[in-house]
Amino acid sequence: MQMDILSDALTKMRHYEETGRKEVILKPTSNLLLNVLSTLQTNHYIGEVEKIDDGRGGKFRVQLLGRINKTAAIRPRFPVKVTDIVNMEKKYLPAVDFGILVLSTPKGIMSQTEALKQHVGGRLLAYVY
């Protein structure tokens, strides 16, 4: 653990969802993790995200809603063109319009639907369904 903050956080969230817990504490924090969590929050996979400053790197308290079946970071972070986003959906998601891909684009971190609307590509970070 502690090699990839995003991967560790998503794995911990998945395990806490499987055991039926209502919230999880994620540490350490990063701006990338905060942006990914806010993307998950806008797509209604998680509830409220609270940053706790403990003087040692901080923590996130994340409210779980019971909507995550599987989540994982995608390593290596593949570059994806706008035209290839649909193919990546087929590769990582189980069905059409079931789940989201999280991408890092020049316009910020967003889901694949937002990237298609804004017509930008980027790098794959994670998937959630």
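Residues numbered from 1 in each chain as written. Predicted model: local features only at pLDDT ≥ 70, side-chain atom pairs only at ≥ 80, totals over all residues. Heavy atoms only, no water.

### What to know about the packing of aromatic side chains
Selection criterion: Any two of the Phe, Tyr and Trp rings considered here, Trp counted by its six-membered ring, make a pair once their centres fall within 6.5 Å; the pair's planes then place it as stacked at under 30 degrees, edge-to-face at over 60, or tilted in between. Helix and strand assignments come from DSSP, with helices taken as H or I runs of at least 4 residues and strands as E runs of at least 2, each series counted from the N terminus. Think of it as a cone above the ring: NZ of Lys or CZ of Arg counts as a charge over the ring if it is within 6 Å of the ring centre and within 35 degrees of the ring normal.
Under the defined criterion, the tally for this structure stands at 3 aromatic pairs. With 6.0 Å between their ring centres and 45° between their planes, F98 and Y129 make a pair best called tilted. Note that F98 is positioned in the loop between α3 (85-92) and β6 (100-105) and Y129 in the segment after β8 (122-128), a separation of 31 residues in sequence. Directly above the ring of F78 sits K91, whose terminal nitrogen or CZ lies 5.5 Å from the centroid.

### Describing the side chain of T39
Applicable threshold: Throughout this description, buried means an accessible area under 20% of the type-specific maximum (1.4 Å probe, protein chains only), exposed means over 50%, and partly exposed covers the range between. Any two residues whose heavy atoms approach within 4.5 Å at even a single point are treated as in contact.
Relative to the assigned elements, T39 resides in helix α2 (residues 31-42). Accessibility expressed as a relative area gives 4% for T39, which makes it buried. Every residue in contact with T39, bar those within four places of it in the chain, is listed here: I109, M110 and S111.

### Things to note about the sheet that holds strand β3 (residues 59-64)
Quick note on the threshold: Between any two strands, at least two bridges found by DSSP are needed for them to pair. Simply put, an axis is a line fit to the C-alpha atoms, just over the touching stretch for a helix, and the angle between two N-to-C directions goes from 0 to 180 degrees.
Overall, antiparallel pairing links the 3 strands, which are arranged β1-β3-β2 in an open sheet. The open sheet has two edge strands with one neighbour each: β1 (23-26) and β2 (46-52). The average angle at which neighbouring strand axes cross in this sheet is 20°, direction not considered. In this sheet, β3 lies alongside β1 in antiparallel orientation, the contact comprising 4 bridges. Directly across from I25, in β3, lies its bridge partner R61. The strands that α2 touches are β1, β2 and β3; relative to β2, the one it contacts most, it runs at about 155°.

### Some remarks on unusual backbone geometry
Omega for the peptide link from K27 to P28 comes to -5°, which places this bond in the cis form. Turning to its location among the elements, P28 is positioned in the loop between β1 and α2. Cis peptide bonds are those with omega within 30 degrees of zero, and the linkage from R75 to P76 qualifies with -5°. With respect to the helices and strands, the residue P76 is situated in the loop between β4 (71-73) and β5 (79-80). At D97, a residue that is not glycine, the phi angle is positive and equals roughly 60°. Note on D97: relative accessible area 72%, which makes it exposed. Although it is not a glycine, H119 sits at a positive phi angle of roughly 60°.

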